[in-house]
Amino acid sequence: MNDEYENVIIGLEAHIQLTNLKTKLFCGCDADYRGKEPNMFTCPICVGHPGSLPVINKKAIEFAIRLALALDCKINNFTYFFRKNYFYPDLPKNFQISQYNKAGGKAFADGGKVTIKVNGEKKEIVLNRIHLEEDPARLVHLGSIASSPYTLVDYNRSGVALIEVVSEPVMTSPEEAREYLKQLKSIVQYTGISDLDLEGSCRVDANISIKGHARSEVKNISSFREVEKALNWEIQRQKNLLKRGKEIQQETRHWDDKNRVTIGLRTKEFEKDYRYFPEQDLVPIEIDKDFIAQIKEELPEMPIDRSKRFQKEYELSEFDADNLVLDKNISDFYEKGIKIDSSFGLEEYKLYCNWLMNDISGWLNENNKTIKDTKLSPNQIVELINLIKEGKITTKIAKTFIDDMTKGNPISKILKESGKTRIADKNKIIEIVKEVIDENLDIINDYDKNPKALEALIGKCMQKTKGQLDPNITREILLELIKK
Ligand SMILES: [Zn+2]
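Residues numbered from 1 in each chain as written. Predicted model: local features only at pLDDT ≥ 70, side-chain atom pairs only at ≥ 80, totals over all residues. Heavy atoms only, no water.

### A few points about the overall build of the chain
- Looking only at helices and strands, the chain features 16 helices and 17 strands.
- Oriented by its inertia axes, the alpha-carbon framework of the chain measures out at about 95 × 60 × 45 Å.
- With 484 residues in all, the chain has 49% of them scored as buried.
- Once local pairs closer than 6 in sequence are excluded, the contacts in the chain between residues at least 24 apart make up 69%.
- If you sum the accessible surface of the chain, you get close to 24,500 Å²; carbon and sulfur atoms cover 50% of it.
- Charge-centre separation for the chain: the mean point of 74 positive side chains lies 1 Å from the mean point of 77 negative side chains. (Helix = DSSP H or I, 4+ residues; strand = E, 2+ residues; numbered from the N terminus. Buried < 20%, exposed > 50% of the residue type's maximum accessible area, 1.4 Å probe, protein only. Contact = heavy atoms within 4.5 Å. Areas by Shrake-Rupley, 256 points an atom, 1.4 Å probe, with all protein chains shown as cover. Lys, Arg positive; Asp, Glu negative; His and termini not counted. Charge placed at Lys NZ, Arg CZ, Asp CG, Glu CD.)

Rendered as structure tokens:
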């Protein structure tokens, strides 16, 4: 156990925007505000004019049911909305329409779980509840919130549908929190309710405490990636305070991702300050059992089941399968790909997985892209594997094709233009090996003492031919010629 995280308690509230909804939660305004002129998609409802009446978006209810089912929550068949009152420029009505699980109210769904794996150990992160609410408007600052000379407000986001997923405070390290969010993101992607790769589509509030002390809430961490950093910083801050004999105050803090610190915003408001009360302008929602059953029927296979199936059908290791299914688009790509060539068997299934998880994923990470952003096609990797199998190119050459493959170029074209075919002609290889030997007599003289000499010489041969030589034949010839 890492001492650094001893007695740490973390609970997360993830606000997931339903980016796959066309309209906002309570009005018909366009919900796709990204990259648009500010304050274009507004109406009396989402800017809170007196007398305007909200109407629930049925599709949002369907999306919430999908997520509740995928997370194994218990859906409440009868639910209604509450007003959460607070005064802030991002909230023109001075209240946010949300849900509340007290005072006669019920969450949209209770309980649920997300299974994570840290250091090979499985752990279930138990959820408290999920609920639907509207997004406030977007506040835009110049640089950091603390030093910006002004705040701009964009009401295009006001009223966009969110689902809040509230975990129990059961995570014990920033690493667990990262894994939890990774799995949650994957599940959300499979349900088809949101694209969490979009900027600002998921914001997290984190409750952090050291056992026996007050907690702080770090608000509005703007991406999953930032959460681990914010948690690490906040844990350190609290531990340092305790070390100096000071006590931790219950407060709300803000994660400043530009300066990489949390800043105290206000001492914690208490729940009663929000004066929750039922939203009288909306009728209670009764969710029909048949409606739930129908949605359950249409729900795709979830990542945890898909991983098990991949292990069974394609005999992938648990590690490979778990990684492969994390991104639905990549695992769809995989299944499509391995079925193209009917001669493919277990060996090719594993090779195909390796190409996707190592070289392709590496390229995507480096270029900050998802597979959907590229023109990669499942067939390209089939061709690549076949070319290597037939001995027409080496794996090393194949790796240099990835950049061109992502542009959608057919393998045959890449191969032709690169002029890089595998050289297996013995006479040609002998010629090159002889040249390398002549140029590297110092390595040859060292050969008996230095076990790495052979590899160094193979490397020199490859350098000369940009990796085109067949490595096995080259090795054989080198060994033969050196002995002479
Ligand atoms: Zn509107």
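### A short note on the coordination of the zinc ion
- Protein coordination of the zinc ion is provided by Cys27 (SG), Cys29 (SG), Cys43 (SG) and Cys46 (SG), with donor distances spanning 2.3 to 2.4 Å.
- All donors to the zinc ion come from one chain, and their sequence spacing reads C-x1-C-x13-C-x2-C. Of the two residues, Cys29 is situated in the loop between β1 (8–17) and α1 (58–70) and Cys46 in the loop between β1 and α1; the sequence distance between them amounts to 17 residues. Accessibility assignment for this pair places Cys29 and Cys46 in one class, buried. (Donors = N, O, S within 2.8 Å, 3.2 Å for Na, K, Ca; no water.)

### Some points on the state of the cysteines
- Considering all chains together, one arrives at zero disulfides under this definition.
- Sulfur of Cys202: no disulfide; nearest cysteine sulfur belongs to Cys73 and is 15 Å away.
- Of the residues examined, Cys202 reaches a relative accessible area of 5% and is grouped as buried. (Disulfide = S-S within 2.5 Å.)

### A short note on the pattern of salt bridges
- The tally for this structure, following the rule as stated, stands at 42 salt bridges.
- Across the pair Asp135 and Arg203 runs a salt bridge whose closest N-O atoms are separated by 2.7 Å. Highlighted residues: Asp135 in the loop between β8 (121–134) and β9 (138–141) and Arg203 in strand β12 (residues 202–210), separated in sequence by 68 residues.
- Taking relative accessible area as the criterion, Arg203 reaches 10% and is therefore assigned buried.
- Of the charged contacts in the structure, one is a salt bridge between Arg178 and Glu175, with a shortest N-O distance of 3.9 Å. Placement of both Arg178 and Glu175 in helix α2 (residues 174–191) is noted, with a separation of three residues, approximately one turn of the helix.
- Glu175 gets classed as partly exposed once you look at its relative accessible area, which sits at 30%.
- When salt bridges that share partners are traced, they join Glu301, Arg306, Arg309, Glu313, Lys328, Asp332, Glu335 and Lys339 into one network. (Salt bridge = Lys/Arg side-chain N within 4 Å of Asp/Glu carboxyl O.)

### Some points on unusual backbone geometry
- The phi dihedral of Asn94 falls on the positive side, at around 70 degrees, and the residue is not glycine.
- Phi at Arg275 is positive, roughly 40 degrees, even though this residue is not glycine.
- Locating Arg275 in the fold gives a position in the loop between β15 (261–267) and β16 (277–278).

### Re the sheet that holds β16
- An order of β5-β4-β16 is seen for the three strands of this open sheet, with the pairing classed as antiparallel. The open sheet has two edge strands with one neighbour each: β5 (95–98) and β16.
- Both strand β4 (residues 82–85) and β16 contribute to a ladder of two bridges, which runs antiparallel. Counterpart to Phe82 in the pairing with β16 is Pro278. (Pairing = 2+ DSSP bridges.)

### Considering a nonpolar patch on the surface
- Residues Leu142, Tyr150 and Leu152 make up a contiguous nonpolar surface patch of about 290 Å² in total accessible area.
- Take Tyr150: it is sitting in the loop between β9 and β10 (151–154).
- Under the relative-accessibility criterion, Tyr150 is labelled partly exposed at 38%. (Patch = residues over 30% accessible without salt bridge, like charges linked within 9 Å, V, L, I, M, F, W, Y side chains within 5 Å.)

### Concerning the nonpolar core
- Formed by 104 residues in total, the largest nonpolar core has its most connected members in Tyr180 and Tyr334.
- If we ignore the near neighbours within four places in the chain, the residues touching Tyr180 are Leu12, Val114, Ile116, Ile125, Leu127, Val165, Ser167 and Met171.
- Counting 19 residues, the second-largest nonpolar core is a separate cluster that includes Ile423, Leu457, Ile458 and Cys461. (Core = buried A, V, L, I, M, F, W, Y, C linked by side-chain atoms within 4.5 Å.)

### Digging into the environment of Trp363
- Relative to the elements of secondary structure, Trp363 occurs in helix α8 (residues 346–366).
- Given the relative accessible area of 14%, Trp363 is considered buried.
- Separated by 39 residues in sequence, Trp363 and Ile402 place their C-alpha atoms 7.8 Å apart.
- Each residue touching Trp363, except ones within four places of it in the same chain, is listed here: Lys369, Thr374, Ile402, Asp403 and Thr406.

### A word on the packing of helix α5 (residues 303–313) against helix α6 (residues 318–325)
- Where α5 meets α6, the axes come as close as 8 Å, and the angle between the chain directions of the two elements is 140 degrees. The pairing of α5 with α6 is recorded here as oblique in orientation. In this structure, α5 meets α6 at a crossing whose hand is right-handed. Contacts from Pro303, Arg306, Ser307, Phe310 and Gln311 in α5 reach Glu318, Ala321, Asp322, Leu324 and Val325 in α6.
- Looking at the contact of α5 with α6, its residues break down into five nonpolar, two polar and three charged. (Axes fitted to C-alpha atoms, helices over the stretch in contact; angles between N-to-C directions. Parallel < 35°, antiparallel > 145°, perpendicular 65-115°, else oblique. Left-handed = near helix turned anticlockwise from the far one by under 90°. Nonpolar A, V, L, I, M, F, W, Y, C, P; charged D, E, K, R; others polar.)

### Thoughts on the pairing of strand β14 (residues 251–256)
- Most of β14 is tucked away, with six of its six residues classed as buried.
- Burial along β14 is two-sided: Glu251, Arg253 and Trp255 and Thr252, His254 and Asp256, pointing in opposite directions, are all buried.
- Strand direction decides the pairing type here: strand β13 (residues 216–221) and β14, joined by four bridges, are parallel. Its bridge partner lying in β14, Ser216 is registered against Glu251.
- Regarding topology, helix α3 (residues 224–243) serves as the crossover connection from β13 to the parallel β14, and that connection is left-handed. (Right-handed = clockwise from strand over helix to strand, strands pointing away.)

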